[in-house]
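Survey of secondary and tertiary structure
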Amino acid sequence: MNSTDRYAVFGSPINHSKSPRIHRLFAEQTSQDLNYVAQEVTAEIFVSAVSEFFAQGGKGLNCTVPLKELAYQFADKKTDRAESAKAVNTLVLLANGTILGDNTDGVGLVTDLMVNHNVELKNKRVLIVGAGGAARGIIDPLLDQQLDCLVVVNRTADKALQLAIEFNHSFESCGFNELHHQPFDVILNATSASLSNELPPLPENLLAENGVCYDLAYGNEPTAFVRWGELQNASQSLDGLGMLVEQAAEAFALWRGVRPDTKTVIDLLNVERSV
Ligand code: NDP
């Protein structure tokens, strides 16, 4: 019998996922015997695909677009951060056979910002653009950093308002036409606009002097939002590759009990995408 532990990322579309590459690099680095593949799974077949994966001995899963809310519903037990996000990106088979759901996106973002890029968040004015699944996952980990203020702006303003109600009004919400605030120190693009090379309708003078722009999306070329940040003279205009690696490391640590070194993996992926 094959004793190699099996892991996978489920999502749709999934063919360009970097997760298999990242987890194989982690496994190599930490001498863990595991197999990690990407599998195309739509929302319609999610429950049967996950049930089959675990029934056949799978140990853990990552779930990405559009499956995070379904993964939240599937998990028998949730971590506090998954519970507050109402979205799960990591499923773990526990020793008693039940499935734990976690959300490692927020800690991935905060680690990438604060540790990898030395971005200070305490007492800073932070704007999240977008109110979808990714925004949900990053709100609490950001609020934990004792920000000066957090605002969520969304194309569909009502969706941002619903999010604010759900999070007990711990931040302000608005639509783009209501965005008349003091400049922000950190602007996070949590919309999917970059995936179609589009830019949310952001007003001029939104970024404070020496402010930082961060696009949760990433690509081989600078995203539309990263380019916008550069035009606004951001001190750093970053994309979400580091967040992707950090959230993966958090999932890997949950599954394997060992924490991989992320810097070498981020450096390698940055070299690979620049050639
Ligand atoms: P969702 O589909 O849940 O949400 C999409 C959001 O984008 C909504 O708020 C939507 O607004 C907004 N939006 C889409 N197009 C536009 C546009 N042209 N202009 C303005 N707003 C727009 O997606 P997710 O939240 O799951 O993902 C968002 C992004 O985060 C994706 O790019 C994803 O790749 C990235 N991500 C990166 C991770 C990483 O590890 N680096 C982890 C998780 C996500 P509306 O409500 O009005 O429709």
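Everything that follows concerns the structure shown earlier in this document.
The following paragraphs examine the structure supplied in this document. As a convention, each chain's residues are numbered from 1 in the sequence order in which they are written. For a predicted model such as this one, the threshold for reporting local features is a pLDDT of at least 70, and the threshold for listing and counting side-chain atom pairs is 80 or more; totals across whole chains, interfaces and linings nevertheless cover every residue. Calculation of side-chain values draws on the structure's entire complement of heavy atoms; hydrogens and water are dropped beforehand.

**Digging into the site of the ligand**
Being near a molecule or strand, for a residue, means having at least one of its heavy atoms within 4 Å of it. By nearness alone, 26 residues border the ligand, and Ala134, Asn154, Thr156, Lys159 and Leu216 come closest of all. Any pair of N or O atoms that falls within 3.5 Å is considered a polar contact. Within protein, one atom must be able to donate a hydrogen and the other to accept it, and sequence-neighbouring residues count only if both atoms are side-chain atoms. Asn154 is positioned with one of its side-chain polar atoms (N or O) 2.7 Å from an oxygen atom of the ligand. Between the ligand and Leu216, the relevant distance is 2.9 Å, taken from a nitrogen atom to a main-chain nitrogen or oxygen of the residue. Burial of the ligand by the surrounding chains reaches 82%, relative to a free accessible area of 940 Å². Only runs of H or I of at least four residues qualify as helices and only runs of E of at least two qualify as strands under DSSP, and these elements are numbered from the N terminus. A per-element tally of the shell around the ligand places helix H9 (residues 241-256) first, with 3 residues. Here the nonpolar group is Ala, Val, Leu, Ile, Met, Phe, Trp, Tyr, Cys and Pro; Asp, Glu, Lys and Arg are the charged ones; every other residue, Gly included, is treated as polar. Of the residues contributing to the shell around the ligand, the split by class is 12 nonpolar, 9 polar and 5 charged. Only the protein chains shown count as cover for residues, and the accessible areas themselves come from Shrake-Rupley with a 1.4 Å probe.

**Some points on helix H10 (residues 262-274)**
Given a rise of 1.5 Å per residue, 13 residues ought to cover 18 Å, and the 18 Å separating the end C-alpha atoms of H10 matches this to within 8%. Exposure categories follow from relative accessible area, calculated using a 1.4 Å probe and restricted to protein chains: below 20% of the type maximum is buried, above 50% is exposed, and the middle band is partly exposed. For H10, every residue scored as buried is listed here: Thr262, Val265, Ile266, Leu269 and Arg273. Buried residues of H10 fall within an arc of 100 degrees about the axis and therefore sit on the same side. What points out from H10, more than 90 degrees from its buried face, is the exposed set Lys263, Val271 and Ser274. Taken together, the buried residues of H10 touch helix H1 (19-30), helix H5 (105-116) and H9. One fewer than the residue count of a helix, multiplied by 1.5 Å, yields its expected span. Note that the arc is defined by the directions from the helix axis to the C-beta atoms. Contacts were defined at the residue level, with two residues in contact if any of their heavy atoms lie within 4.5 Å.

**Quick word on the nonpolar core**
Side-chain atoms within 4.5 Å are what join buried Ala, Val, Leu, Ile, Met, Phe, Trp, Tyr and Cys residues into a set we call a nonpolar core. Counting 28 residues, the largest nonpolar core has Leu109, Leu121, Ile128, Leu142 and Leu188 as the members making the most contacts within it. In this structure Leu121 touches Val110, Leu113, Met114, Val126, Leu142, Gln145, Gln146, Leu147 and Val186, once residues within four positions along its chain are discounted. The next biggest cluster of nonpolar side chains, apart from the first, holds 22 residues, and it includes Ile14, Ala27, Phe252 and Leu269.

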